[in-house]
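Fold and geometry: a report
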Amino acid sequence: MKPEIRIRTHDFDLFYGAHHALKSVSLEVPANSVTAIIGPSGCGKSTLLRSFNRMNDLIPGVRVRGRVELSGLDVYAPGTDVVELRRHVGMVFQRANPFPKSIFENVAYGLRLLGVNRRAELEARVETSLRRAALWEEVRDRLGRSALALSGGQQQRLCIARALAVEPEVVLMDEPASALDPTATARVEELVLELKSRYTIVVVTHNMQQAARISDTTAFMMVGELVEVGETRSLFTRPRQKLTEDYITGRFG
């Protein structure tokens, strides 16, 4: 049985002014799985990731052509509610970016924007999100304290909890562990593997070992083009393209 496809791009191009950053990218992201996007710096990994929830819209001079679909709906169709889109497609950035608020209010922030204000409901959903982010036991007794007092790894898991609180379909992660020490990185990787039963996860990483450890599917990009995509184990052990093999074996990049 073919897996359900949560995100699909078809002949998708993106331009920063005159710069052609993404070139005719066609990719399918299966639901309830982890897809890793790898490739050298500047190859378009993060640009593609940010296309899924239109974060690139915030950059002046960006234009697109082609199609990006979320559960069959055209993300770039006229009239798309971008705020609603980003509720369905959450984002976790390279560096933890907690708000200068309490731990509780960080997780509750998106819920309040959605109009959830009943204290009992907020408390229940904050707890659920922190549990899903494997952080609840560490912070349950200090929810009123500043999120900025947490360690770097805890802050990143808090940002994951904040993304999960609004019940997204997809969680995008842009180098989520690159600023963390090995122990905190391992916690984030374990968390990603736990979350895929409930969410579709797309991770941009420069770390090929990390991609091999956590992803089901890997996409390799080079200068804005999707060179190869496939089941992770196959792509790393039997790449179809010479360019992929050269990158994986360290001949460049």
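Check the entry above for the structure.
We now turn to the structure provided with this report. (Residues numbered from 1 in each chain as written. Predicted model: local features only at pLDDT ≥ 70, side-chain atom pairs only at ≥ 80, totals over all residues. Heavy atoms only, no water.)

Topic: the overall build of the protein
Helices and strands together make up the secondary structure of the protein, namely 10 helices and 10 strands. What you see for the protein is a C-alpha radius of gyration of 18 Å, in line with the 18 Å of a compact globule of 253 residues. Seen through its C-alpha atoms, the protein measures out along the principal axes to roughly 55 × 45 × 40 Å. Within the protein, the fraction of its 253 residues that count as buried is 50%. Of all intrachain contacts in the protein linking residues separated by at least 6 positions in sequence, the fraction that spans at least 24 positions is 67%. Of the roughly 12000 Å² of accessible surface on the protein, a fraction of 50% belongs to carbon and sulfur atoms. Within the protein, one finds 34 positive and 30 negative side-chain charges whose respective centroids are separated by 2 Å. (Helix = DSSP H or I, 4+ residues; strand = E, 2+ residues; numbered from the N terminus. Rg over C-alpha atoms; globule rule 2.2 N^0.38 Å. Buried < 20%, exposed > 50% of the residue type's maximum accessible area, 1.4 Å probe, protein only. Contact = heavy atoms within 4.5 Å. Areas by Shrake-Rupley, 256 points an atom, 1.4 Å probe, with all protein chains shown as cover. Lys, Arg positive; Asp, Glu negative; His and termini not counted. Charge placed at Lys NZ, Arg CZ, Asp CG, Glu CD.)

Some details on the packing of aromatic side chains
What the rule picks out here adds up to 3 aromatic pairs. Ring centres 5.5 Å apart and planes at 35° place the aromatic pair Phe-12 and Tyr-76 in the tilted group. Of this pair, Phe-12 sits in strand S1 (residues 5-16) while Tyr-76 sits in the loop between strand S5 (73-74) and helix H2 (82-88); the two residues are 64 residues apart in sequence, bridging distant segments of the chain. What makes Phe-12 buried here is its relative accessible area of 0%. Positioned above the aromatic ring of Phe-15, the side-chain terminus of Arg-63 is 4.1 Å from the ring centre. We note Arg-119 situated over the ring of Phe-104; from NZ or CZ to the ring centre the distance is 4.3 Å. (Phe/Tyr/Trp six-rings, centres within 6.5 Å; stacked < 30°, edge-to-face > 60°. Lys NZ or Arg CZ within 6 Å of the ring centre and 35° of its normal.)

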